[in-house]
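Here is how the chains run, residue by residue.
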Amino acid sequence: MVTGPSFEEMLHPQTIDPALRKAALAALTEDPLNPLNLYNITWRDGHNRVYHLVLPPELTGVATAIVVIYGGSFPSGSHKVGAAYSVLLEKQLLGEVDPNAHTLVWPSTGNYGIGGAFIGCRMEYDSIVVLPEEMSQERFDRITSYGAGIIRTAGSESNVKEIYDEVKRLSGGDPKIRVLNQFEVMGNYRFHYHVTGNTLVELAEELRAEGIGAGKISAFVSAMGSAGTIAAGDRLKQVWSDHKIVGLEPIQCPTLYNNGYGAHEIQGIGDKHVTWIHNVFNMDALMAIDDMDALNGLRVLAEDAGRQVLADRFGMDPAAVSQLSQTLGISGICNIIGAIKTAKFYDMNSDDVIVTVATDAMERYGSVMANLRERRGPLDEAAATAIVNGVFHRAGTDWIMEGGRDARERWHNLKYYTWVEQQGKSVAELDAQRDPDWWRGHQAQVAEIDRRLLAQRRG
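Residues numbered from 1 in each chain as written. Predicted model: local features only at pLDDT ≥ 70, side-chain atom pairs only at ≥ 80, totals over all residues. Heavy atoms only, no water.

Student: What exactly am I supposed to notice about the overall build of the chain here?
Tutor: Along the backbone of the chain there are 20 helices and 11 strands. In terms of C-alpha radius of gyration, the chain reaches 21 Å, essentially the compact-globule figure of 23 Å for 459 residues. If you line up the chain on its principal axes, its C-alpha atoms span 60 × 50 × 45 Å. Among the 459 residues that make up the chain, the fraction classed as buried is 61%. Counted over contacts in the chain with a minimum sequence separation of 6, partners at least 24 positions apart contribute 75%. When the accessible surface of the chain is split by element, carbon and sulfur atoms take 47% of a total near 17,000 Å². The distance from the centre of the 43 positive side-chain charges to the centre of the 58 negative ones in the chain is 3 Å. (Helix = DSSP H or I, 4+ residues; strand = E, 2+ residues; numbered from the N terminus. Rg over C-alpha atoms; globule rule 2.2 N^0.38 Å. Buried < 20%, exposed > 50% of the residue type's maximum accessible area, 1.4 Å probe, protein only. Contact = heavy atoms within 4.5 Å. Areas by Shrake-Rupley, 256 points an atom, 1.4 Å probe, with all protein chains shown as cover. Lys, Arg positive; Asp, Glu negative; His and termini not counted. Charge placed at Lys NZ, Arg CZ, Asp CG, Glu CD.)

Laid out in structure tokens, this is it:
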């Protein structure tokens, strides 16, 4: 069976056999469909540097350093490929899936499905991605290019129940189907807890050496889609007890904020349910972000007039503007807005460091930006200036709920309606998540998965 790196090798790619690492790095650009690219699933580049950007204060309007780690340089163009790989690797090592016997189904609203298409087909599985029909065309094109099939369900980003219904239909009618559900399977959690979380612990010291912060990350800010990425905060809080974990969701679909519902346009987040793998008892605050702020913020970077305004009126380095325009997607802008709100809400200063994530990059949203431009006309200088001021500099402290005892209890209780009533979990299983040892037990399984993988390599 085809496999790739261990958790430890994803965290520290320099521990991979040098010849294998060199071949994998060459394949990243020269042969992107080669299974060697499994060994490029890491937050570090070929020089062992973490993929990150320190945002200029000319953009954020705050003195606190806001650092973005970005997933666009991962195979498949998103760090979600790491979660997909970890989920499949664990299932394969435990004997639950076999490429000679099973077809994999990847329920997704985009990037996880793309990652699943990439991973599944590289590991020689037939794969099907189930995702809403209103996602960006670039998502469908990428899935097809990796060799996976597609089933389109009704709705948009927030229509996850329709995905679940289709997956249930598929799995009930074909014994060969194996569902790898990112919202439920703890391999997703483990990838981000161990690989993303520990990468950030190490990045804090690297930033300190560059004169940024004091070797500590004060807050980790992440929107919830599957709630995999935000699991990195669980590791950070173990290192720094006063660390803040801040979750984001759309104002247009404020499920955790006020049991709200609705459609929205921040592709990758906010799905009208609380995921099984989300440790809500560790979340310090919830913030809701307007989807049009995220779209408009990206639009400034997507259009010539916006980039010119950032350089000429706000004094940003043109090279930094150019890099941001290629590195960020819609949810990345959402996360940056959330990080700015976090700095203001917690009165953070220049000694603090806030880290957030760009899940994917601009190349996934050309059709979305073109549609916005067609509907509203091209940006001019005045409109671009208003967006920078309104979306970034004047981001406020509205739509914020702190994670007190009562709030965390409500967030946890919301899991009942999806996971017990609809997805067959028991109340006892749900109640078990109240115990921190339940989460620590899943964290500890990283070592066992690595042990099994190394044993398989030895034959």
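Student: It is not clear to me how the pattern of salt bridges should be interpreted in this structure. Could you clarify?
Tutor: Between side chains of opposite charge, a pair can form when the charged atoms approach closely. One pass over the full model with this rule turns up 26 salt bridges. A salt bridge links Arg-434 to Asp-431, with the nearest nitrogen and oxygen atoms 3.6 Å apart. By relative accessible area, Asp-431 is classed as partly exposed at 37%. Counted as one network, the salt bridges with shared partners bring together Arg-44, Glu-202 and Glu-206. (Salt bridge = Lys/Arg side-chain N within 4 Å of Asp/Glu carboxyl O.)

Student: Explain the sheet that holds strand S9 (residues 285-289) to me, please; I cannot follow it from the model alone.
Tutor: Sheet strands associate in pairs through backbone hydrogen bonding, adopting either a parallel or an antiparallel arrangement. Strand order in this open sheet of seven strands is S1-S2-S10-S7-S8-S9-S11, and the pairing throughout is mixed. Strand pairing shows two members of the sheet lacking a second neighbour, strand S1 (52-54) and strand S11 (400-402), which therefore form its edges. Strand-to-strand twist in this sheet, taken as the mean axis angle between neighbours without regard to direction, amounts to 20°. Across three bridges, S9 lies against S11 in antiparallel orientation. Residue pairing for S11: Leu-286 is matched across the bridge by Met-401. In this fold helix H17 (residues 405-413) packs onto S9 and S11, with an angle of close to 105° to the strand it touches most, S11. (Pairing = 2+ DSSP bridges. Axes fitted to C-alpha atoms, helices over the stretch in contact; angles between N-to-C directions.)

Student: Is there a simple way to think about the packing of aromatic side chains in this case?
Tutor: Evaluated as defined, the whole model comprises 15 aromatic pairs. Taking the centre distance of 6.4 Å and the plane angle of 85° together, the rings of Trp-276 and Trp-438 count as edge-to-face. In this pair, Trp-276 sits in the loop between helix H10 (255-258) and S9 while Trp-438 sits in helix H20 (residues 436-458), placing the two residues 162 residues apart along the sequence. When the ring centre of Phe-118 is taken as reference, the NZ or CZ atom of Arg-122 above it lies at 5.3 Å. (Phe/Tyr/Trp six-rings, centres within 6.5 Å; stacked < 30°, edge-to-face > 60°. Lys NZ or Arg CZ within 6 Å of the ring centre and 35° of its normal.)

Student: Please explain the side chain of His-194 as it appears in this structure.
Tutor: Residue position: His-194 is located in helix H8 (residues 186-209). Taking relative accessible area as the criterion, His-194 reaches 15% and is therefore assigned buried. Excluding anything up to four places from it in sequence, His-194 contacts Phe-7, Glu-8, Leu-11 and Val-446.

Student: Just checking my understanding: could you explain the sheet that holds strand S3 (residues 103-107) for this structure?
Tutor: Taken together, the four strands give an open sheet; going across it, the order is S5-S4-S3-S6, and neighbouring strands pair in parallel fashion. The outermost strands of the open sheet, each flanked by one partner alone, are strand S5 (149-153) and strand S6 (177-179). Ignoring strand direction, the axes of neighbouring strands in this sheet form an average angle of 25°. Looking at chain direction, strand S4 (residues 126-132) and S5 are connected through five bridges and run parallel. In the sheet register, Ile-128 faces S5, and the bridge partner there is Gly-149. With respect to the sheet, helix H5 (residues 111-122) is in contact with S3 and S4, its orientation differing from that of S3 by roughly 165°. Each of S3, S4, S5 and S6 touches helix H7 (residues 160-173); the most contacted strand, S4, lies at about 150° to it.

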